[in-house]
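Fold and contact review
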Amino acid sequence: RESINLSRDTAPLTKMKLQFRNKNKTFLVIVNAIVLLCTSSIVSANGSISLSNCDDNMKWPLLITFVDTCDTACQLETMQKASIDENNFDHLTSLGIITLKEATDEQLEALKEETESVKTIECDGEVSTNDDFW
């Protein structure tokens, strides 16, 4: 019989530790993307999407998730509307996530206005296997 323990540090949307136990073996997996998939949109007062998990220094790539009704074609169309070239992002179609490698301020602002299709825009986070990390 297997058990799963989930824990997350106090900073939202950054890290998650999954611990699997099976008899005498314990497996530890640290992931970032799963936390992203469980978030809801963060919309600022002016109606645009706010950047999350960003401190004073924006960390690239930006991770972009989409609302459930936005399929692969919708996701690509959203990037085209923001005038972002396909060479500037990687599309993880099976996860519904785009990793944006580079964009101008104008392109990023246009993407933040796509509240009908974009769910979150998040700065890249750090993942560690160091025990002191937790």
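For clarity, every value in this text was computed on a predicted model and none was experimentally measured.

**Examining the pattern of salt bridges**
- The tally for this structure, following the rule as stated, stands at three salt bridges.
- The partner of Asp 90 in a salt bridge is Lys 101, with the nearest N and O atoms 3.7 Å apart. Residue Asp 90 is found in strand β6 (residues 89–92), and its partner Lys 101 is found in the loop between β7 (97–100) and α3 (105–112); the two are separated by 11 residues along the sequence.
- Here Lys 101 falls in the partly exposed class, since its relative accessible area comes to 40%.
- Note that Glu 109 is salt-bridged to Lys 112, the shortest N-O span being 3.3 Å.

**A closer look at the state of the cysteines**
- Applying the stated criterion across every chain yields a total of two disulfides.
- Sulfur-sulfur distance for the disulfide between Cys 70 and Cys 74 comes to 2.0 Å. Residues Cys 70 and Cys 74 are joined through a disulfide that is left-handed, its torsion about the S-S bond being -100°.
- With a relative accessible area of 23%, Cys 74 lands in the partly exposed category.

**Some thoughts on the pairing of β7**
- Here β7 shows a buried face lined by Ile 97 and Thr 99 and a second buried face lined by Ile 98 and Leu 100.
- Summarising the sheet, β6 and β7 pair through four bridges and their orientation is antiparallel. Note on β7: the bridge partner recorded for His 91 is Ile 98.

**A closer look at the environment of Lys 59**
- You can see Lys 59 is positioned in the loop between β4 (51–52) and β5 (62–66).
- Judged by relative accessible area, Lys 59 falls into the partly exposed class, the value being 31%.
- Along the chain, Lys 59 and Asp 124 lie 65 residues apart, while their C-alpha atoms are 5.3 Å from each other.

About the criteria used
Residues numbered from 1 in each chain as written. Predicted model: local features only at pLDDT ≥ 70, side-chain atom pairs only at ≥ 80, totals over all residues. Heavy atoms only, no water. Salt bridge = Lys/Arg side-chain N within 4 Å of Asp/Glu carboxyl O. Helix = DSSP H or I, 4+ residues; strand = E, 2+ residues; numbered from the N terminus. Buried < 20%, exposed > 50% of the residue type's maximum accessible area, 1.4 Å probe, protein only. Disulfide = S-S within 2.5 Å. Pairing = 2+ DSSP bridges.

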